[in-house]
Amino acid sequence: MGVKNLWDVLEQCKKTLPLHHLHNKRVCIDLSCWIVQLQNVNKSHCPINNKLYLASLFHRLRALIALNCSLIFVTDGSIPAIKLCTYRRRLNLRPEAQDGANSHSQNLSSLKRNMGSEFSCMIKEAKLLGLALGVPCLDGIEEAEAQCALLNLESLCDGCFSSDSDTFLFGARTVYRDICLGEGGHVVCYEMDDIERQLGFGRNSLISLALLLGSDYTQGVRGLGLEAACQIVKSVGDNDILRKIASEGLSFTRKKKNSKKQGQVKCNDKETTLSCKVNMNGIQNSQTDDQYLRVVEAYMSPKCHSADSDVVHRALVQRPFQHEQLQMLCSRFFEWPPEKTDEYILPKIAERDLRRFAYLRSTSSQLDVNIPMKEVPVKCPVSAIIKRRKVHGRECFEVLWEELYGIKSSVVPSDLVESACPEKIKEFDDKRALEKKNQRKSRPTKSGKQCSLTEIDQKLQHLLLDIELGSESSPMASREVISDQMPTATEVNFMNRDPPIILDSYCRATMLCQETDITAPKHEVIDLLSPSPQVQSRVVSRCTQMNDQHITIIDLSESETERSPEHVRKARELRLFLASIRDDFN
């Protein structure tokens, strides 16, 4: 496809560019080349009925749509008459099947393609999918790569996607040969400016290489190698090579340096070794000089829609995204539910709209027209920023979208949000700073803690006193003498999960012990945090005489029948109060 071995000649001019190089650009796509690529990649994995090539096309398109890359599908029209020999040879047709049985007849006309073939049906499905995504399609008159090259040459697009090397011969300036998606996605790019600067080959030189090496329009010179052909073309020069071919054909390549050296040709004092006598199409003197001119004419003036035609203008108009149509096609081709289709495409559509908004603001800024975001005629698609995210090591924002096909939020690169709506980032940062400030203010100070502990101490004293007074009706009351003469100090440990309450009482509650009669102050430990703390009617711990103090541990785990109702109520209030304190401090 294209010129034989031309990609090898252009290898040193190849550039691998990141995928975001295509953002905000308009590119033409030779649809046949893409379908052939995807079909060949997926042919070994599954049958064609599985539509895996079409799903791969869908993912290519959604990646480019997210970059706000305006796409135009270009399809092949009729087969040029000069290409019929090559076309039939590729289809393995017998020479007898050729019209007129004369492959060089000038009376041949272009041949319409079989629109019912399997490949034509694949092209139709790809066009339907593209239209649902808002990608217009331009049907070429003959060669799709020629139509793409014309649009690029007339600056109606920024580049062409094609794997046909003869796209440069039709006049293209930028050709993207391949694309790779995913993390580290990139495109393989060739620029005509690089070819002219590094190799010294202009458009005329490339057409001459097609005559020498062979292409879709001619089989070239048998026995002429790649390096020899490049030397011949360079020796003549880009400005003179086609003029020389027009006047002499390829006879200048047959000039012998001397009669002794057969197979040596001389061109502008440079010798090139040929393996045999130069001829075209493998037939000695079978191709006339007029045939060379037909090949040159086919490359210089291909049959295409002119740049100012209505067909081209319609193709350049931006098409809307057809949401429901896309859901129907994905259900038909891939058996996807609408939710899966939306999950794939809606975040990309939202990102594309945000890039358009960013491009509008940047263009206005370049024109020294700085419009506040609220006064921009187009509404910003981002409603608010939810939080910062990091995806594959790249800083991103999770954003909340305005009403857009039902999508609520998605993750977009942070640099895109910064270029489109830096005001939203400032709002988000200010909100976060205010939340942190309020959190710091809400934390109690040390003095506040001391004050609150004092209040807690007073409440605990009253509650415990009420409990003690309310236990007179229980059997425990016969063993206790309550005195209101002495003060009580309360200590509460709130660091534990279930903090016990330690009471230092100085004759506040005089406990009666069976072993001894003690009137000295006592240290009392009461655990009211068990699931069902109950007052025991008897003292189950030891009574220990320590200096002037008597320590008594009271177990409140007896049945509820030994307590008065008032005692039960007071104990429940104390448990609830302690639970609320624990929650506050947690």
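Labelled according to an unreviewed UniProt entry, the protein chain appears under the name Single-strand DNA endonuclease 1 isoform X2, originating from Gossypium hirsutum. We quote the UniProt Cofactor (unreviewed entry) comment for the protein chain here in full: "Mg(2+)". For the record of the protein chain, the UniProt heading Sequence similarities (unreviewed entry) holds the text "Belongs to the XPG/RAD2 endonuclease family. GEN subfamily."

**Q** Break down the sheet that holds strand β12 (residues 407-413) for me, with residues and values.
**A** Strands sit in the order β10-β11-β12 across an open sheet of three strands; the sheet is antiparallel. Only two strands of the sheet have a single neighbouring strand rather than two, namely β10 (382-391) and β12. Going across the sheet, the axis of each strand differs from the next one's by a mean of 30°, ignoring polarity. Two strands pair when backbone bridges link them, and strand β11 (residues 394-404) and β12 are joined in this way by six bridges, in the antiparallel orientation.

**Q** Just give me the short version of the nonpolar core, but keep the residues and values in it.
**A** Counting 64 residues, the largest nonpolar core has Leu57, Leu133, Phe161, Leu326 and Val417 as its most contacted members. Residue contributions to this core peak at eight residues, all from helix α3 (residues 52-66). Counting contributing residues per domain, this core is built from domain 1 (6-93 + 113-254 + 287-315) and domain 2 (337-439), each supplying no fewer than three. Not counting residues within four places of it along the chain, the set of residues in contact with Leu326 comprises Phe58, Leu129, Ala132, Leu133, Phe321, Thr341 and Ile345. By size, the runner-up hydrophobic cluster in this structure holds 59 residues, among which are Ala172, Ile232, Tyr299 and Val312.

**Q** Quick one: what's the story with the sheet that holds strand β1 (residues 15-18), residue by residue and with numbers?
**A** The mixed open sheet is built from seven strands, whose spatial order is β1-β7-β6-β5-β2-β3-β4. A strand with exactly one partner marks an edge of an open sheet, and here the two such strands are β1 and β4 (137-139). With strand direction ignored, the average angle separating the axes of adjacent strands in the sheet is 30°. Both strand β5 (residues 159-161) and strand β6 (residues 174-180) contribute to a ladder of two bridges, which runs parallel. The residue bridging Cys160 from the neighbouring strand is Val175, located in β6. Contacts from helix α6 (residues 144-153) reach β2 (26-30), β3 (70-75), β4, β5 and β6, with the element oriented near 165° to β2. Relative to the sheet, helix α7 (residues 192-199) contacts β1 and β7 (186-191), its axis offset from that of β7 by approximately 55°.

**Q** Account for the packing of α3 against helix α14 (residues 338-366), with residues named and values stated.
**A** As a packed pair, α3 and α14 sit with axes 7 Å apart at the nearest point and diverge in direction by 25°. Taken together, α3 and α14 sit at an angle that is classed as roughly parallel. For the pair α3 and α14, the contacting residues are Phe58, His59, Arg62, Ile65 and Ala66 in the first and Tyr344, Ile345, Lys348, Ile349, Glu351, Arg352 and Arg355 in the second. A breakdown of the residues in the contact of α3 with α14 according to their chemical character gives six nonpolar, one polar and five charged.

**Q** Mind laying out the environment of Leu169, listing which residues take part and the relevant values?
**A** In this fold, Leu169 is placed in the loop between β5 and β6. Given the relative accessible area of 0%, Leu169 is considered buried. Taking the C-alpha atoms as reference points, Leu169 and Val296, 127 residues apart in sequence, are found 9.5 Å from one another. If we ignore the near neighbours within four places in the chain, the residues touching Leu169 are Val3, Leu6, Arg203, Leu206, Ile207, Ala210 and Tyr299.

**Q** Before we move on, could you go through the side chain of Arg203 and cite the residues and values that matter?
**A** Along the polypeptide, Arg203 turns up in helix α8 (residues 203-213). In this structure, Arg203 is buried with no salt-bridge partner, the nearest side chain bearing the opposite charge being Glu154 at 8.7 Å. Here Leu169 takes part through its backbone oxygen, which lies 2.9 Å from a polar atom of the side chain of Arg203. Ignoring anything within four residues of it in the chain, the contact list for Arg203 reads Leu153, Phe168, Leu169, Phe170, Gly171, Met192, Asp238, Tyr299 and Met300.

**Q** A description of the side chain of Asp166 should follow, citing residues and the corresponding values.
**A** Summarising the element assignment, Asp166 is placed in the loop between β5 and β6. For the buried Asp166, no salt bridge is present, and the opposite-charge side chain at shortest range is Lys83, 6.1 Å distant.

**Q** How would you explain the packing of α8 against helix α9 (residues 226-236) if you had to name every residue and give the values?
**A** Interhelical geometry of α8 versus α9 gives an angle of 140° and a closest axis separation of 10 Å. With respect to their mutual orientation, α8 and α9 come out oblique. Classified by chirality, the crossing of α9 by α8 is right-handed. Of α9, the residues touching α8 (which contributes Ser205, Ser208, Leu209, Leu212 and Leu213) are Leu226, Ala229, Cys230, Ile232 and Val233. Tallied by class, residues from the contact of α8 with α9 come to eight nonpolar, two polar and no charged.

Parameters and conventions
Residues numbered from 1 in each chain as written. Predicted model: local features only at pLDDT ≥ 70, side-chain atom pairs only at ≥ 80, totals over all residues. Heavy atoms only, no water. UniProt positions renumbered as here; feature names shortened; annotations may be inferred. Pairing = 2+ DSSP bridges. Helix = DSSP H or I, 4+ residues; strand = E, 2+ residues; numbered from the N terminus. Axes fitted to C-alpha atoms, helices over the stretch in contact; angles between N-to-C directions. Core = buried A, V, L, I, M, F, W, Y, C linked by side-chain atoms within 4.5 Å. Buried < 20%, exposed > 50% of the residue type's maximum accessible area, 1.4 Å probe, protein only. Domains from an automatic or database assignment. Contact = heavy atoms within 4.5 Å. Parallel < 35°, antiparallel > 145°, perpendicular 65-115°, else oblique. Nonpolar A, V, L, I, M, F, W, Y, C, P; charged D, E, K, R; others polar. Lys, Arg positive; Asp, Glu negative; His and termini not counted. Salt bridge = Lys/Arg side-chain N within 4 Å of Asp/Glu carboxyl O. Polar contact = N/O pair within 3.5 Å; in protein donor to acceptor, adjacent residues only side chain to side chain. Left-handed = near helix turned anticlockwise from the far one by under 90°.

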